[in-house]
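Descriptive analysis of the structure
Spelled out, the chains give:
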Amino acid sequence: MRVEIQCVLITFNVGRELQNAPHYCQSFASCCNTVNDLGGDIKGGGKSSAAADKVVEEIRAKGGKAVANYDSVEDGEKLIQTALDAFGKIVFFFFFFYCVFNFIPDLIHRVHLRGAFMVTRAAWNHMKNQKFGRIIMTASTAGIYGNFGQANYSAAKLGLYGLANTLAIEGRKYNIHCNTIAPTAGSRLTQSVMPPDLVESMKPEYVAPLVLWLCHEQCKENGGLFEVGGGWIGKLRWERSQGHIVRHKNQRMTPEAVRDHWDNICDFTDAAKPVSIQAQTQVSIHTEAVGQKLPPTSFSFSHTQCIIYALGVGMSTKDPDHLRFLYEGHEDFSCLPTFGVIPSQAAMMDGGLASVPGLNIDFTRVLHGEQYLELYKPLPTSGTLTSQATVADVLDKGSGAVILLDVNTYSGDELVCYNQWSVFVVGAGGFGGKRTSDRAKALVPPPNRAPDAVVTDSTTRDQAALYRLSGDWNPLHIDPSFAAMGGFKAPILHGLCSFGFAARHVLKQYANNDPSRFKAIKVRFVKPVLPGQSLQTEMWKEGNRIHIQCKVKETDAVVLSGAYVDLHGAAEGGGLQSELVFAEIGRRIKDLGSELVKKVNAVFGWEITKNGKTAAQWTIDLKSGTGSLHKGPYSGKADVTFTVSDEDFMEVVQGKLNPQKAFFAGKLKVRGNIMMSQKLEVILKDYAKL
């Protein structure tokens, strides 16, 4: 594509003539040009029309149109009037001020910064009225990076970039684009300090093509910053570390906390790339949302809801093994493990997220991205469950925002299950936040081999109509006209329905339909399923973890990916409620490890038992570095080791069982320095949030 510019070009060439002017002027020969130059010497003194006249002659010699102007750039109105008188319009500005007055700070700012402002102000309304304009500011690497002995010049040049950024924002709706270049080019100033061959390689003609493209009507670039020179062009952008929150609820923010987390504050791993002041504000707002608790929700149910759910995820009396989930009179009547998502979904369905300050969610743009469910005991078949939801994190994925919502569900005071909802809010990204979170339950790809087992199940035309009776009333799954507005040819199946199908396939294949064997499931929702299609679950067994991938058999499209189901061993039975507590302690150590090390300065060992046998080992090291949490055997030496059952541990954490009473009752056994047990409160009470 040949770039042709039909515009008025105003160049400001203060205190210098163009080196290799014929080459440079050739680039602008197709333009109507107004060339401004005071014609001063390299120290900023004197005045002459020769410099501007020479450039005008060169442009005319190449077939272009040009007029000269000899006014100061501070007289912006005069410059613009010269252009209007000669050509009738203003389309494009190229501000090229060169450093000649380093020893006169005020003059530097008047010429470079104020001059650019005055000329822009004079031209702005003309550009607005014609609904088109291109402005290019000439900054300097001295302004971007700083340079020894050029404090005044650097300040003025970076000021031009700040001016350009705001003009880009204000001019956008009028089709006025403003960009900034930081060129390196040979001139009569640089030829005295650069070797001749370097001056030759830095011709202005190697800058001009970028300027011409940026002012072309087909170029949509706006608010950009470019380094250019010697034929090389590069774009610059800001980068910001993820930072670290050093202010905590009911605690003073101190310089010591800043010092202790300085490495985190300055860590550019997964750095954000903010593009606006709104993005910075949104980062603060979204950061404030993290940790916010939603109003608790209550879910009352009977065996009826359990049976409706089982039917909704494809169970049928045609399979005798399914009867234990469909008939309340069965001797082993049970609730399907994945029913655990139902009590927690009220936090999503009832608009609980809307109560979190700063999120401002448009629920018509919310997509279900991922789901994690972990059970700590088999679900009851009736009763009342209470769920407490917390915003675990908010991530910036560019095209949208991901909200991680942790939901703990209780039967009375006993923790029954834990869900992590990962929802994608379309169009809510770009606020400069982090892209990943250590709080997100990770997806795991399947092994690189053929599946160990494959189960195929047909859904019915009424599968979505049946599943929605479990509480997800979104019309997307039942109303054809609503589905059409979402771009679907027919109502689609709930993602959590496919989730339930896949989980029960694993439960039957590897756990003999024993719900007590179920520990956890994690999936990512990839593509929709239409009611009536067949779901095919591929399974790979790796110990007690079953990797799964679910497809639509008719199209081979993957609908669940990166997924797995964790099972308890055949003889283990039941999960450990304490795992969630230790997971939270681990996250808190990562956030506040340095403070905890100072307060505690000890290594604690934990042996968690179940049915009289050791079921898990944990070590909390708050003695070295910034602290750490280890699961399994520990190679070091603990100052004190506690042995306690999973149930009693939870009683202690929830404040229902006093540690001293547990010790004297024989429920809590201690080895090592027993006095260290006094510091348990710092770990369990303040930092283990349930």
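Every value quoted in this text rests on a predicted model; they were computed, and no experiment measured them.

1. Section: the confidence of the model for the protein chain
- Counting all residues, the mean pLDDT for the protein chain is 82, and 83% of those residues have values of 70 or more.
- Across residues 11-24, confidence stays below pLDDT 50; counting only partners more than four residues off in sequence or on other chains, it has 57 contacts.
- The low-confidence segment residues 97-103, where pLDDT is below 50, has 37 contacts with residues more than four positions distant or belonging to other chains.

2. Describing the pairing of strand β18 (residues 557-567)
- Burial analysis of β18 places 10 of its 11 residues in the buried class, which makes it a mostly covered element.
- Sheet topology places strand β15 (residues 518-525) next to β18; 6 bridges connect them, and they run antiparallel. Bridge assignment links A520 to a residue of β18, and that residue is D566.
- In this structure, strand β17 (residues 545-552) lies alongside β18, joined through 7 bridges in antiparallel fashion. The partner of C550 across the bridge, within β18, is L560.
- Taking the residues that link successive antiparallel strands as the turn, the β17-β18 hairpin has 4 residues, and the phi of D556 there is positive, at about 65°.

3. Some points on the pattern of salt bridges
- Applying the stated criterion across every chain, the model contains 19 salt bridges.
- A single salt-bridge network, built from bridges that share partners, covers R259, D260 and K598.

4. Topic: the packing of aromatic side chains
- Under the definition given, this model contains 13 aromatic pairs.
- Ring geometry for W606 and F649: centres 5.2 Å apart, planes at 85°, overall edge-to-face. In this pair, W606 is assigned in strand β19 (residues 602-610) and F649 in helix α20 (residues 646-653), connecting sequence segments 43 residues apart.
- Accessibility expressed as a relative area gives 4% for W606, which makes it buried.
- Ring pairing ties together the aromatic residues F582, F604, W606, W618, F642 and F649, which thus form one cluster.
- The side chain of R504 reaches across the aromatic face of F501, ending 4.7 Å from its centre.
- When the ring centre of Y564 is taken as reference, the NZ or CZ atom of R545 above it lies at 3.8 Å.

5. Things to note about the sheet that holds strand β13 (residues 414-426)
- Taken in spatial order, the 10 strands line up as β9-β11-β12-β13-β10-β15-β18-β17-β16-β14 in an open sheet, and their pairing is antiparallel. Edge positions in the open sheet fall to β9 (297-301) and β14 (453-458), since each of these has one partner strand only. Across the sheet, the mean angle from the axis of one strand to that of its neighbour is 20°, orientation sign disregarded.
- Across the sheet, helix α18 (residues 495-511) lies against β10 (366-375), β13, β14, β15, β16 (534-542), β17 and β18, angled at about 50° from β16, the strand it touches most.

6. A short note on the sheet that holds strand β21 (residues 628-631)
- Strands sit in the order β21-β20-β19-β22-β23 across an open sheet of 5 strands; the sheet is mixed. Here the strands that pair on one side only, and so sit at the sheet edges, are β21 and β23 (668-672). Strand after strand, the sheet turns through a mean of 20° between neighbouring axes, direction not considered.
- Pairing geometry for strand β22 (residues 640-645) and β23, over 5 bridges, is antiparallel. Its bridge partner being in β23, V644 is matched across the sheet by L668.

7. Details of the environment of Q509
- Examined against the element boundaries, Q509 turns out to sit in helix α18.
- According to the relative accessible area criterion, Q509 is partly exposed, its value standing at 39%.
- It is 8.4 Å that separates the C-alpha atoms of Q509 and V455, two residues lying 54 residues apart in sequence.
- Sequence-distant contacts of Q509, that is, excluding residues within four places in its chain, are made with A453, V455 and M539.

8. Focus: the state of the cysteines
- Under the defined criterion, the tally for this structure stands at 0 disulfides.
- Free cysteine: C306, not disulfide-bonded; nearest cysteine sulfur from C335 at 3.6 Å.

9. Regarding the environment of A185
- Note that A185 resides in the loop between β6 (176-183) and α7 (196-201).
- Distance in space between the C-alpha atoms of A185 and M202 is 4.7 Å, their sequence separation being 17 residues.

10. Here we look at the packing of helix α19 (residues 578-600) against α20
- Interaxial distance between α19 and α20 falls to 9 Å at its minimum, and their mutual angle equals 50°. With respect to α20, the element α19 is oriented oblique. Where α19 abuts α20, its residues S578, V581 and F582 lie against D646, F649, M650 and V653.

11. A word on the nonpolar core
- Counting residues in each nonpolar core, the largest one holds 66 residues, and the members touching the most others are F339 and L405.
- It is α18 that contributes the most residues to this core, 10 residues altogether.
- The next biggest cluster of nonpolar side chains, apart from the first, holds 26 residues, and it includes L596, V600, W618 and V640.

12. Observations concerning helix α12 (residues 303-312)
- Of all the residues in α12, the buried ones are C306, I307, Y309, A310 and G312.
- Considering only its buried residues, α12 is in contact with β9, α13 (323-326), α14 (341-344), α16 (463-467) and α18.
- Immediately beyond the C-terminal end of α12, within one or two residues, lies G314, with a positive phi of roughly 95°.

13. Remarks on a nonpolar patch on the surface
- A cluster of nonpolar side chains, F663, F664, I674 and M675, forms an exposed patch at the surface whose accessible area comes to about 430 Å².
- For I674, the location among the structural elements is in the loop between β23 and α22 (680-687).
- Among the residues examined, I674 registers a relative accessible area of 38% and is labelled partly exposed.

14. As for the side chain of D648
- Following the sequence through the fold, D648 ends up in helix α20.
- Here D648 sits buried without a salt bridge, and the closest side chain of opposite charge, K667, lies 4.3 Å off (N-O distance).
- Residues in contact with D648, not counting those within four places in the same chain, are L657 and K667.

15. A closer look at helix α2 (residues 50-61)
- Counted at 1.5 Å a residue, the expected span for α2 with its 12 residues is 16 Å, and the 16 Å between its end C-alpha atoms agrees.
- Of the positions making up α2, those classed as buried are A51, A52, V55, V56 and I59. Down the axis of α2, the buried side of the element spans an arc of 135°, and every buried residue falls inside it. With respect to the buried face of α2, the exposed residues turned more than 90 degrees away are E57 and A61.
- Just past α2, the residue G63 takes up positive phi, approximately 95°.

16. Focus: the side chain of N419
- Relative to the elements of secondary structure, N419 occurs in strand β13.
- Of note is the side chain of N419, whose polar atom sits 3.1 Å from the backbone oxygen of G340.
- Not counting chain neighbours up to four residues away, the residues in contact with N419 comprise G340, V341, S344, Q371, Y372, L373, L405, D406 and V407.

What counts and what doesn't
- Residues numbered from 1 in each chain as written.
- Predicted model: local features only at pLDDT ≥ 70, side-chain atom pairs only at ≥ 80, totals over all residues.
- Heavy atoms only, no water.
- pLDDT = per-residue confidence, 0-100.
- Contact = heavy atoms within 4.5 Å.
- Buried < 20%, exposed > 50% of the residue type's maximum accessible area, 1.4 Å probe, protein only.
- Helix = DSSP H or I, 4+ residues; strand = E, 2+ residues; numbered from the N terminus.
- Pairing = 2+ DSSP bridges.
- Salt bridge = Lys/Arg side-chain N within 4 Å of Asp/Glu carboxyl O.
- Phe/Tyr/Trp six-rings, centres within 6.5 Å; stacked < 30°, edge-to-face > 60°.
- Lys NZ or Arg CZ within 6 Å of the ring centre and 35° of its normal.
- Axes fitted to C-alpha atoms, helices over the stretch in contact; angles between N-to-C directions.
- Disulfide = S-S within 2.5 Å.
- Parallel < 35°, antiparallel > 145°, perpendicular 65-115°, else oblique.
- Core = buried A, V, L, I, M, F, W, Y, C linked by side-chain atoms within 4.5 Å.
- Patch = residues over 30% accessible without salt bridge, like charges linked within 9 Å, V, L, I, M, F, W, Y side chains within 5 Å.
- Areas by Shrake-Rupley, 256 points an atom, 1.4 Å probe, with all protein chains shown as cover.
- Lys, Arg positive; Asp, Glu negative; His and termini not counted.
- Expected span 1.5 Å × (residues − 1).
- Arc of directions from axis to C-beta.
- Polar contact = N/O pair within 3.5 Å; in protein donor to acceptor, adjacent residues only side chain to side chain.

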